[in-house]
Amino acid sequence: MIWNLFKKKKEEEINELDSLVLSKMKPGFLVDYDMKTYRVSSRNVYKWQEGGVTDEWELKQGQEVLYLEREEEDGEVLWTITRKTHIGVIEGDIARHIIDHEDPPEKVVCEETTFHLEEDDIGEYFKGDNKEGLKFVVWDYTDERQEKQLSIEQWGETKFDVALGQEVEEYQFSNILPGER
């Protein structure tokens, strides 16, 4: 009986160590990125009509909010870090263009960078443990160097969000620690 008690404790320690990897973070966890410590405020999921799932962690540090996304594509894990902004940061009246044409232009300019349309998809967004998803359309752009990314999301008829980001590597995140919710 004592032997099983020690075995159970060791298994719990191993499971706890397994949770200290980026893909296992939960709300309340702490993680270091770009010389700052962020708190995971929520874990969300995007389910895509074309297939596939994207996991998203909302990271907060003071007033700053970043979104870490993880998706698998052709057996490869891709990590992206983004920040949400307003559609007005894109030159021109993109919202009006989408409403009038049901699609954005093939090319947009944001923060003096030209982005080209790569793909679009329809998805469902699940915030935290919520079982009811919100439907939306997304258009993904990349810059000419394939370094920066821009996504335009349409939620309903006239609500738009923009996310600016870039691919990151898992090793850029460190000191993953469980914390309080």
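Given the structure is predicted, the values throughout are model-derived calculations rather than measurements.

Asker: I'd like a rundown of the overall build of the chain, residues and numbers included.
Answerer: Check the secondary structure of the chain and you find two helices and eleven strands. Sequence-ordered secondary structure for the chain, helices as α and strands as β, is α-β-β-β-β-β-α-β-β-β-β-β-β. The burial tally for the chain puts 36% of its 181 residues in the buried class. Intrachain contacts of the chain at a sequence separation of at least 6 include 45% that bridge at least 24 residues. Within the structure as shown, the chain displays about 12,000 Å² of accessible surface, and the carbon and sulfur contribution to it stands at 47%.

Asker: Pulling in residues and values, what's your account of the side chain of Thr80?
Answerer: Looking at the secondary structure, you find Thr80 in strand S5 (residues 76–85). Among the residues examined, Thr80 registers a relative accessible area of 10% and is labelled buried.

Asker: Explain the pattern of salt bridges to me, and be specific about the residues and the numbers.
Answerer: A complete count under the given rule lists nine salt bridges for this structure. The salt bridge partner of Asp55 is Arg43, with a shortest N-O separation of 3.8 Å. Of the two residues, Asp55 is situated in strand S3 (residues 53–61) and Arg43 in strand S2 (residues 36–48); the sequence distance between them amounts to twelve residues. Among the ionic pairs, Glu153 bridges to Lys84, the shortest N-O distance being 3.3 Å. Of this pair, Glu153 sits in strand S9 (residues 148–155) while Lys84 sits in strand S5, and the two are 69 residues apart along the sequence. Residue Lys84 is classed as partly exposed on the basis of its relative accessible area, which comes to 29%.

Rules and cut-offs
- Residues numbered from 1 in each chain as written.
- Predicted model: local features only at pLDDT ≥ 70, side-chain atom pairs only at ≥ 80, totals over all residues.
- Heavy atoms only, no water.
- Helix = DSSP H or I, 4+ residues; strand = E, 2+ residues; numbered from the N terminus.
- Buried < 20%, exposed > 50% of the residue type's maximum accessible area, 1.4 Å probe, protein only.
- Contact = heavy atoms within 4.5 Å.
- Areas by Shrake-Rupley, 256 points an atom, 1.4 Å probe, with all protein chains shown as cover.
- Salt bridge = Lys/Arg side-chain N within 4 Å of Asp/Glu carboxyl O.

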